Amino acid sequence: MHKSILLAILPLAVFAAKEPQSWPLTGVVTEECAVAVNCHPMLYAAATKGREDAIKSELRVRDSKGRDIPYAFRAAKTRVVDEVKEWRELKVTRVTEADGRLVVDAEFPAGSSNPERFLALKVATPLTDFEQSVEVSSEGVPLASGVLCDYRKFADLRITEMPLEASYRRTLTVSFAKPTSEAAAAAFERTIRENGEGKLEAKSVRESVVNRPFRIDSLSVAVPRTRVSFEAAPPMIVHTACTVETDEKAKKTVLETSVFGLPVTAIAVNATDRNFSRKVAVFRRMDARWHPLTSGRISAVNLPGERKSKLEIAFGREVREMALRIEIENDDNPPLTLETTSDAGVGLPVALKVTQYDIVFVAAPGEKYSLVVEPGADRPRYDEAILGYIDRVQDPARFEIGVNTVGGDPFIIGGEDGPTAIWLTTPFDVIPFISVIVFVVLGLICIRLIKSTTPPKQES
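First, a word on what this report is: a plain description of the structure on this page.

Thresholds, definitions, all that
Residues numbered from 1 in each chain as written. Predicted model: local features only at pLDDT ≥ 70, side-chain atom pairs only at ≥ 80, totals over all residues. Heavy atoms only, no water. Salt bridge = Lys/Arg side-chain N within 4 Å of Asp/Glu carboxyl O. Buried < 20%, exposed > 50% of the residue type's maximum accessible area, 1.4 Å probe, protein only. Phe/Tyr/Trp six-rings, centres within 6.5 Å; stacked < 30°, edge-to-face > 60°. Helix = DSSP H or I, 4+ residues; strand = E, 2+ residues; numbered from the N terminus. Lys NZ or Arg CZ within 6 Å of the ring centre and 35° of its normal. Contact = heavy atoms within 4.5 Å. Pairing = 2+ DSSP bridges. Axes fitted to C-alpha atoms, helices over the stretch in contact; angles between N-to-C directions.

The next point concerns the pattern of salt bridges. Counting across every chain of the model gives 24 salt bridges. Put simply, R158 and D150 hold a salt bridge, and the shortest N to O gap is 2.5 Å. Looking at R158, the relative accessible area reads 35%, which means it is partly exposed. D150 gets classed as buried once you look at its relative accessible area, which sits at 1%. The salt bridge involving E318 is made with R320; its shortest N-O contact spans 3.1 Å. Since its relative accessible area comes to 28%, E318 is described here as partly exposed. Among the ionic contacts, a cluster of salt bridges with common partners joins R60, R62, D68 and E374.

Dropping the structure here:
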């Protein structure tokens, strides 16, 4: 009987410690397409602690029927939309010289899509060393004026573009103030006169001047074009709780915090003091000891005429550790005052900069999905055809994790940094707790077994 109880308790304890955790995803697509969901810090915390790349091995995407869906784990990207200039060459229809001005009529090229507005005008000319006043109009309505120039004789300055903020016009009239310009010729005239005795009597040098027509090779207008690009998403800011101790003998403040294998690239100490400069050393936990990771200096100056703050120590790479230790050298200064706000989700003593990663998969119309972390699972191997397609999709649809549906979730979204500000407290580690219970239960069982098998003392 006792043996059967013992065999039943051990699998139960292992199951409780290794039980998978699941999070539903919010979002539905109307047609088959690639979707992405941000890898939330709680997923890292749910994975096996101390296992290298645990999240990549133990994470699964599952549909409503419990089937595994192939996914790619990749660095998150941000869609960036810029407005850039696109130049369109105009067709010159007429050139006249009137009232001492050069007037050029041009029209927007037919057959191309008409933009909503113009941004600038560009005049292509082979001339150098000139200054030209330009006026632009359309059907008698003035649109813009400016100056084009080339001063390379004096400085490296050439301007052949001018602003033209105007709505779309089919025709433009460009008027130049100087149809011709003067320039010193490369050659010059020299005259030497001698007297009757052959001695030099006078010498004169006269530079010649040439008139140059203002040659125009082409006229172009700039129109707006939308350019979409993708760049690495900004780091997630994760505020963490930690232990804070002051070592009076070593004159140091020591902070220790759990980071659950998050891809951390920098760490900041949330000190509130106004004026200070302290050396900081960061350590990582390996082989039950603290090993140096990096070092730097944090400082703040808040004085008249000078205000600056540098509270961050950068690692220069991603660091995936279970815990970090920060030692602040106080010397003979008082310990720094640190933020201690807790339930608000911001203002905790330490803030981490964490690289954002996306979980990308192909979703079916109307299907519901969930994320599952299975501690101890092997790394999945999916079809390269699916992974290749996912990798080529730059801008997938977005799903979100149903964070609020998980009871006891230690990660709270909010704070002054918006949706990327996350409060991270050290969650209750169920494994040591269950281990203690198991050992206590086993101890009680053993004691009971010993008592039941020990023969009673014989009375004399």
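Further notes follow.
So, about the packing of aromatic side chains. The way to describe two aromatic rings as a pair is by their centre distance and the angle between their planes. The tally for this structure, following the rule as stated, stands at 9 aromatic pairs. Ring plane angle 90° and centroid distance 5.4 Å describe the contact between F108 and Y168, whose orientation is recorded as edge-to-face. Remark: Y168 occurs in the loop between β12 (161–167) and β13 (171–176) and F108 occurs in the loop between β7 (101–107) and β8 (117–124); sequence separation between them is 60 residues. F108 sits in the buried class, given a relative accessible area of 1%. Measuring from ring centre to ring centre gives 5.8 Å for F118 and Y168, while their planes differ by 65°; the resulting arrangement is edge-to-face. You can see F118 sitting in strand β8 and its partner Y168 sitting in the loop between β12 and β13, a full 50 residues away along the chain. The exposure class of F118 is buried, given its relative accessible area of 0%. The rings of F108, F118 and Y168 are connected pair by pair, giving a single aromatic cluster. Lying across the ring of W87, K122 places its NZ or CZ 4.4 Å from the centre.

Attention now goes to the side chain of D105. Relative to the assigned elements, D105 resides in strand β7. In this view, D105 contacts K91, V92, T93, R94, L172 and T173; residues no more than four positions away in its chain are not counted.

What follows covers the environment of V84. Positionally, V84 belongs in strand β5 (residues 77–89). The sequence separation of V84 and P224 amounts to 140 residues, and the corresponding C-alpha distance is 5.8 Å. Among all residues touching V84, those that are not within four sequence positions of it are V223, P224, R225 and R227.

This paragraph deals with the sheet that holds strand β29 (residues 397–398). An order of β4-β27-β2-β29 is seen for the 4 strands of this open sheet, with the pairing classed as mixed. In this open sheet, the two edge strands, each paired with only one partner strand, are β4 (71–75) and β29. Note: strand β2 (residues 33–38) against strand β27 (residues 357–363), 6 bridges, orientation antiparallel. Bridging across to β27, V35 finds its partner in F361. Taken strand by strand, helix α4 (residues 384–392) contacts β2, β4 and β27, and its axis lies near 35° from that of β4.

Let's shift gears to the sheet that holds strand β25 (residues 323–329). Taken together, the 6 strands give an open sheet; going across it, the order is β18-β19-β25-β21-β22-β23, and neighbouring strands pair in antiparallel fashion. Strand pairing shows two members of the sheet lacking a second neighbour, β18 (243–247) and β23 (306–310), which therefore form its edges. In this sheet, neighbouring strand axes are inclined to one another by 20° on average, regardless of whether the strands run parallel or antiparallel. Of the strand pairs in this sheet, strand β21 (residues 276–286) and β25 are connected by 5 bridges, and their pairing is antiparallel. Its bridge partner being in β25, V282 is matched across the sheet by I326.

Phi angles above zero are rare outside glycine, and F260 is one such case at about 55°. Within the secondary structure, F260 is located in the loop between β19 (252–258) and β20 (263–269). Given the relative accessible area of 7%, F260 is considered buried.

Moving on, we get to the pairing of β20. Most of β20 is tucked away: 6 of the 7 residues are buried. Pairing geometry for β20 and strand β24 (residues 312–320), over 5 bridges, is antiparallel. Among the inter-strand pairings, I267 is bridged to a residue of β24, identified as I313. Judged from the 5 bridges that link them, β20 and strand β26 (residues 350–354) form a sheet pairing that is antiparallel. Within the sheet, the bridge partner assigned to V269 lies in β26 and is V350.

Just geometry here; none of it tells us what the structure is for.
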